[in-house]
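# Chains, contacts and geometry: an overview
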Amino acid sequence: MHLNSLTCHELVEMIKAQTVTAEEVVEHVFRRISEVEGKINAFISTFNESALDKAREIDEKIRRGESVGLLAGIPVAVKDNICTRGKLTTCGSKMLSNYIPPYNATVIEKIEAAGGIIIGKTNMDEFAMGNSTETSFFGCTRNPWDITRVPGGSSGGSAAALASDETILALGSDTGGSVRCPASFCSVVGLKPTYGLVSRYGLVSYANSLEQIGPMAKDVLDCAMLFTVIAGHDPRDGTSVPRRPCDYTKALNDEIKGVKVGVLKEFFAVGLDERVEKSVLNAVGILEDLGATCDGASISYLEYAVPTYYLIAMSEASSNLARFDGLRYGFTAKCEGDWNEVFSTTRGEGFGGEVKRRVLLGTFALSAGYYDRYYLKALKVRTLIKREFEKALSKFDVLVAPTMPILPFKIGEVIDDPLAMYMMDIDTVPVNLAGVPSISVPCGFVDGLPVGLQVIGGFFDEEMVLKVAYAFQEHTKFNLKKPEI
Amino acid sequence: MATGRDEGLDVKIGLEVHVQLTALKTKLFCGCSANYRGMPPNTLTCPICLGHPGTLPVLNRKAVEHAMMVALALNSSISRQMIFFRKNYFYVDLPKNFQISQYDKAGGVPLSTGGWVEFAVNGEKKKVRIRRIQLEEDPARLTYPGTITTSSYTLVDFNRAGVALLEIVTEPDMETPEEAYFFLQKLRSIVEHLGVSSENMQGSMRCDANISIKGGARVEIKNISSFRDVRRALQYEIIRQKQLLRRGGAAKQETRHWDEDRQITVSLRVKETESDYRYFPEPDLVPVKISEEWISEVASKMPELPDDRRERFTSDYGIPEYDATVLTSNKKIADFFEECCKLYPNPKKVANWIMSDLLRNINETGIDVAEMSITAEQFIDLLKMIDEELISGKIAKRVLREAIRTGRSPRKVVEDEGLLKISDEKMIAKIVDEVFHEFEGAVADAKRDRKAVNFLVGQVMRKTRGRADPEITNKVILSKLEEK
Ligand SMILES: [Zn+2]
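The rules behind these values
- Along each chain, residues carry numbers from 1 onward, in the same order as the chain's sequence is written.
- Each chain gets a letter, beginning with A, and each ligand a number, beginning with 1, in the order they are written.
- Only residues with pLDDT of 70 or above have their local features reported here, since the model is predicted, and side-chain atom pairs are shown and tallied only from 80 upward, although totals for entire chains, interfaces and linings are computed over all residues.
- With hydrogens and water set aside, each side-chain value is computed from the structure's full complement of heavy atoms.
- Secondary structure elements are defined from DSSP: runs of H or I of at least 4 residues count as helices, runs of E of at least 2 residues count as strands, and each element is numbered from the N terminus.
- Buried means the residue's accessible area, taken with a 1.4 Å probe over protein chains only, is under 20% of the maximum for its type, while exposed means over 50%, and partly exposed covers the values in between.
- Residues adjacent in sequence count toward polar contacts only when both atoms are side-chain atoms; beyond that, a polar contact is any pair of N or O atoms within 3.5 Å, and within protein one must be able to donate a hydrogen and the other to accept it.
- Counted as coordinating are nitrogen, oxygen and sulfur atoms within 2.8 Å of the metal, or 3.2 Å for Na, K and Ca, while water is not included, which may make sites look incomplete.
- A four-donor site is classed as tetrahedral when every donor-metal-donor angle falls between 85 and 135 degrees; four donors are called square planar, and six octahedral, when trans pairs exceed 155 degrees and all remaining angles lie between 65 and 115, with any other arrangement labelled irregular.
- In the sections that follow, a salt bridge refers to a side-chain nitrogen of Lys or Arg positioned within 4 Å of a carboxyl oxygen of Asp or Glu.
- Domain delimitation follows an automatic or database domain assignment.
- Between two residues, a contact is recorded if the distance between any of their heavy atoms is within 4.5 Å.
- Summed over both partners, buried area is the accessible surface (1.4 Å probe) that two parts give up on being assembled.
- Lines fitted to the C-alpha atoms define the axes, with helices restricted to the stretch that makes contact. Angles between their N-to-C directions range from 0 to 180 degrees.
- Each angle is binned into one of four classes, with values under 35 degrees roughly parallel, values over 145 roughly antiparallel, values of 65 to 115 roughly perpendicular, and all other values oblique.
- Note that Gly is not counted as nonpolar here; it falls among the polar residues with everything else outside the nonpolar set of Ala, Val, Leu, Ile, Met, Phe, Trp, Tyr, Cys and Pro and the charged set of Asp, Glu, Lys and Arg.
- Strand pairing is assigned whenever DSSP identifies at least 2 bridges connecting the two strands.

### What about the environment of S50 of chain A?
All names here are of chain A. Mapped onto the fold, S50 is located in helix α3 (residues 48-63). The exposure class assigned to S50 is partly exposed, which follows from its relative accessible area of 24%. With 69 residues separating them in the primary sequence, S50 and I119 have C-alpha atoms 8.1 Å apart. Of the polar contacts made by the side chain of S50, one reaches the side chain of K87; its length is 3.1 Å.

### Quick word on the coordination of the zinc ion
A four-donor tetrahedral metal ideally has 109.5 degree angles, and a six-donor octahedral metal ideally has angles of 90 or 180 degrees. Residue and element names in this part refer to chain B. Within the protein, the zinc ion binds to C30 (SG), C32 (SG), C46 (SG) and C49 (SG); these donor distances fall in the range 2.3 to 2.4 Å. If you look at the zinc ion, its four donor atoms make angles of 102 to 115° with each other, and the shape they trace is tetrahedral. Counting residues between consecutive donors of the zinc ion along the chain gives the motif C-x1-C-x13-C-x2-C. On the criterion of sequence distance, the pair formed by C32 in the loop between β1 (12-20) and α1 (61-73) and C49 in the loop between β1 and α1 is long-range, its members being 17 residues apart. For the residue pair C32 and C49, the accessibility class agrees, reading buried in each case.

### Details of the pattern of salt bridges
According to the stated counting rule, one finds 75 salt bridges over all chains in the structure shown. For E354 of chain A, the salt bridge goes to R357 of chain A, with nearest N and O atoms at 2.9 Å. Taken together, the positions of E354 of chain A and R357 of chain A, both in helix α11 (residues 353-366) and three residues apart, correspond to about one turn of that helix. Since its relative accessible area comes to 12%, E354 of chain A is described here as buried. Overlapping salt bridges bring together E304, R309, R312, K331, D335 and E338 of chain B as one network.

### Observations concerning the domain arrangement of chain B
Residues and elements named next belong to chain B. Domain annotation for chain B reports domain 1 (11-298), domain 2 (304-416) and domain 3 (425-483). Averaged C-alpha coordinates put domain 1 and domain 2 at centres separated by 33 Å. Taken together, the contact pairs 13 residues of domain 1 with 15 residues of domain 2. Buried area between domain 1 and domain 2, summed over both chains or domains, comes out near 1,200 Å², and the portion from carbon and sulfur atoms is 47%. Of all residues in domain 1, K186, E192 and H193 bury the most surface against domain 2, accounting for 39% of the area lost on that side. Where domain 1 meets domain 2, there are two salt bridges.

### So, the packing of helix α8 (residues 274-289) of chain A against helix α15 (residues 462-476) of chain A
All names here are of chain A. Two elements in contact, α8 and α15, have axes whose closest approach is 10 Å; the angle formed by their N-to-C orientations is 95°. Between α8 and α15, the angle falls in the class roughly perpendicular. Here A283, I286 and L287 of α8 come into contact with α15, specifically with V468, F472 and T476. Of the residues assigned to the contact of α8 with α15, the class counts are five nonpolar, one polar and no charged.

### Details of the sheet that holds strand β4 (residues 85-88) of chain B
Strand order in the open sheet formed by three strands is β5-β4-β16 (chain B), and the pairing between neighbours is antiparallel. Lying at the two open borders of the sheet, with one neighbouring strand each, are β5 (98-101) and β16 (280-281) of chain B. On top of the sheet, helix α9 (residues 305-320) of chain A reaches β4, β5 and β16 of chain B; it is set at about 60° to β4 of chain B, its chief contact.

### A word on the pairing of β4 of chain B
Residue and element names in this part refer to chain B. Burial of the side chains of β4 extends over both faces: F85 and K87 are buried on one face and R86 and N88 on the other. Sheet topology note: the β4/β16 ladder contains two bridges and is antiparallel. The residue of β16 that forms the bridge with F85 is P281.

### A look at the interface of chain A and chain B
Opposite the 38 residues of chain A that make contact, chain B presents 32 residues. Both faces combined, the contact of chain A with chain B buries some 2,800 Å², and carbon together with sulfur accounts for 61% of it. Contact with chain B buries area across many residues of chain A, yet R323, R328 and W339 of chain A alone supply 20% of it, more than any other trio. If you look at where chain A meets chain B, you find one salt bridge. A salt bridge links R200 of chain A to D284 of chain B, with the shortest nitrogen-to-oxygen separation between them at 2.9 Å. Our count for the chain A to chain B interface comes out at 19 residue pairs in polar contact (both at pLDDT 80 or more). Mapped by element, the contributors of at least two residues to the side of chain A that touches chain B are α9, α10 (339-350) and α11 of chain A. Top element by residues in the side of chain A that touches chain B is α9 of chain A. It accounts for four residues. Per-class residue counts for the side of chain A that touches chain B are 20 nonpolar, 10 polar and eight charged.

### Things to note about helix α5 (residues 156-163) of chain A
Residues and elements named next belong to chain A. Judged by how many residues are buried, α5 sits mostly within the fold: eight of eight residues are covered. Considered for burial, the residues of α5 that qualify are G156, G157, S158, A159, A160, A161, L162 and A163. Positive backbone phi, at 60°, marks D165, one or two positions downstream of α5.

What follows is the structure, encoded as structure tokens:
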């Protein structure tokens, strides 16, 4: 049996019952990594030794009859923009190619406290800026369903690692779709939580006001398990919202009779691949078959969502990334001269093209004379879009839409056309502007390439989002299909 | 004394004062200790105040309360929301290359706006308006081996990075360097009385000044490390700008650096980025509501302020208002005065001795009041020695000077140097005999000339270095003259 191809909920039972050991699970995962990494390139670094040590510790605890957590012995792959103490955290950038954080992100502490085992750090678009994982300093990750195609991004490494059974669970981060896009492209499950529900402490900021760390998994139950572990208030994050702990797995049942589903009309407009449209509408039909009542829903101002998102994200990024000057940590260019020259050269050599583009545009948007015209206006539009979601979600329990308007594209096909690249985020960025939760769940295949269904819920209503996604999954079983690598 | 105003020159001075809130246990946004003085460089740091990727600031609510106390003390009206902005610029002392600060535009509000400080300058009352007060994080401390212009490298100490810092900006209401000096004195006393900064204020309060005189642009002076230097730097600038005027020129808008060693201001290369800090709301800190209740709660915990204390000094101790003003211009002195009054029944005498001798000697020796080692007990002991006629008032002044300079107690100075008054008649008679023997001519004159008597008394004093009791000496001399 290939333990690495199982799910978290299956493995936890087996590990706790001592029918398999955590050590065996971790070994299987690393064996798989060594088999397919040459083709997939999902990881930037792996922690074989420390992971095996941790696994043996868990096994020992179980043997002694001590209590172990919800994720006992389960391998977790972590996006490389989430800080791991003593372990390389590169953000997919040359700038941090040698950076070893002196502290753990809150989510890492929570996962380890629950018995989860961090097996490595996954590839990503540089500083999470991209939706194809092509902008990584460490080379592109390939889509396990077709290795000539991108896995989506920016959490492409995490999604590809799940799809190719190189891990059991994974963490991504979602600023404008970076969890959902690769989940959709790789046929895995990815949740973007309500803003403030998961601590951002230790997530290297790209656009603070938009992003959340999100759980990624092979099915909805696994996703709910990981989410249960990482959600919750953190005093180290001033934007974290105090809420009672919740076991999100409890919400999952097949019963969605009477659930009101709004089908977002504007998300089925120009630019949507017909084959994707067909697949998603088919999914809506299945929800109706399951007893949900589906009706048309509308979000105005959608045409402004992409520019609004990019203005805010780039502005925040220009400031967030200012700290990378080579003085205290990270890459430093070899350069004679004063500090101004050293940090300028360091940034010139350390950042890739897309990062520079966004930092420059963000710097421009915040400049005197442009601030009101761009940044402030973007904040106003953001408020309007948020209200639109609130309005729609007062009528419906969830809203559904395609996750991505297109199928996974060929590596190198779009990378030189940034505007086309940005427009692909049309269906995901509005959710980040609003701050509401959204999940991408596999909803079919077109010519062997995955399609994702996006289920969006009200603020802090992850239970409903997970429940609808779970019911859909249990009746379609797209999650069981595996790629051949 | 003249006001020191340059009539017709239209001098306008504004100050931007930074006060570190070091009485807090921790820095503004992390758990590191805020009291970094005397600590080895870069030992009070953490990933947050070093600006490591992924770290987030968490607001220290106590810092907001301390800031509110200062605002209330300066009659400044507190905003209903605490909103932080990022001030973006690249500099070695900023670990994140932006400073978390506040902003009064683009939807931002400072901690408080308006207000005033009233203080006395050479007996005249002066009121300076406050423009705004804001809370921000202190950058790291930079050290330039040699001087800022010649040093080939810079040392950075991040212990200071992230310490809560209040920026107090005044309106350009001051007309002389003197006024600026006394404004700062008063502000310091207020901050000391509030107890929001560490006991030793040295370096906890930093000041930039701006000055314009008729026809010239506003010139900013940075890097002034003491109040005395604020006065000197402004005096220097007025002379410099007056000379420019006389030559038909005018000051141009620039930032000048106070060179402490050379006691002059020098023009610094103007940073191109200085004009645009690309302020925007700090996304990692949600606005904090400041409720009416919170303000009243803080107000109810406010300690006595210098003005109230001055009133109390005049009514409780019966000392003149001028004395009370001087005594309350420094918290340590005011505390010292009150301690002394507990040990001694004559507040007026205590006040006189503190003002005319203690403070003068402290100023002359150049030590800071905070470092003054003499205790109230020791000081009162000195006054009692005068009362008990163990030493004369004149000797006492000498003893106090010596005590302050050396850190010894006054009694120890008296003992070490054998300064106790000689009141023993036999002993004095012996010395008088010696003097009579030495100055026979004067003794002969003394029978008819009163002046010669004074001369003889003076000779006894010289031989005893002033310790002989003058009355007894006089009596002994007169009786011995009669015997002759
Ligand atoms: Zn710190």
